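# A look at the structure
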Amino acid sequence: MEGMVEWVASIGAMIAAGLIAADIGRKMTGYAFVLFCAVSMLWIYSGLTSDAMPIAVMNGVLLLINAWGVYRYLFREERQPKAR
């Protein structure tokens, strides 16, 4: 490992995590999840090509979780809290 793909994936994951932690807004959080999806795909590729199946499997699951984040923050309308 430690090739260009891994460096791009690592830096992308740090940027995406920073965007989510910054809580800049709903749309930006959605874009951070898009970046996480791209990063997960890079890690899956890296894991499959370097015989690191645990990395590939973990990022397969993370890809599904991040895709759910994309849906929640970019495509689904924000839920309003119920009035008491």
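### Observations regarding the packing of aromatic side chains
- This structure, assessed with the given rule, holds two aromatic pairs.
- Note on F33 and F36: the rings are 6.4 Å apart at their centroids and 50 degrees apart in plane angle, and the pair reads as tilted. Within this pair, F33 and its partner F36 are both found in helix α2 (residues 26-49), separated by three residues, close to a single helical turn. Comparing F33 with F36 shows no difference in burial state: the two are buried.
- Between F33 and Y73, the aromatic rings sit 5.7 Å apart at their centres with planes inclined by 25 degrees, giving stacked as the arrangement. Taken together, the residues span a long stretch of sequence, with F33 in helix α2 and Y73 in helix α3 (residues 53-75) at a distance of 40 residues.

### Comments concerning α3
- Helix length check: α3, at 23 residues, gives a terminal C-alpha distance of 32 Å against a target of 33 Å (1.5 Å per residue), a fit within 8%.
- Looking only at α3, the buried set comprises A56, N59, N66, G69 and V70.
- Of the surrounding elements, those touching the buried residues of α3 are α2.

### Digging into the nonpolar core
- Counting six residues, the largest nonpolar core consists of A16, A32, F33, F36, C37 and V70.
- If one sorts the elements of this core by residue count, α2 sits on top with four residues.
- Beyond its immediate chain neighbours, meaning those up to four positions away, C37 contacts L63, N66, A67 and V70.

### Quick word on the side chain of S40
- Here S40 is to be found in helix α2.
- On the basis of relative accessibility, which here comes to 2%, the residue S40 falls in the buried class.
- Look past the residues within four positions of S40 in its chain and what remains in contact with it is N59, L62, L63 and N66.

Cut-offs and rules
- Residues numbered from 1 in each chain as written.
- Predicted model: local features only at pLDDT ≥ 70, side-chain atom pairs only at ≥ 80, totals over all residues.
- Heavy atoms only, no water.
- Phe/Tyr/Trp six-rings, centres within 6.5 Å; stacked < 30°, edge-to-face > 60°.
- Helix = DSSP H or I, 4+ residues; strand = E, 2+ residues; numbered from the N terminus.
- Buried < 20%, exposed > 50% of the residue type's maximum accessible area, 1.4 Å probe, protein only.
- Expected span 1.5 Å × (residues − 1).
- Contact = heavy atoms within 4.5 Å.
- Core = buried A, V, L, I, M, F, W, Y, C linked by side-chain atoms within 4.5 Å.

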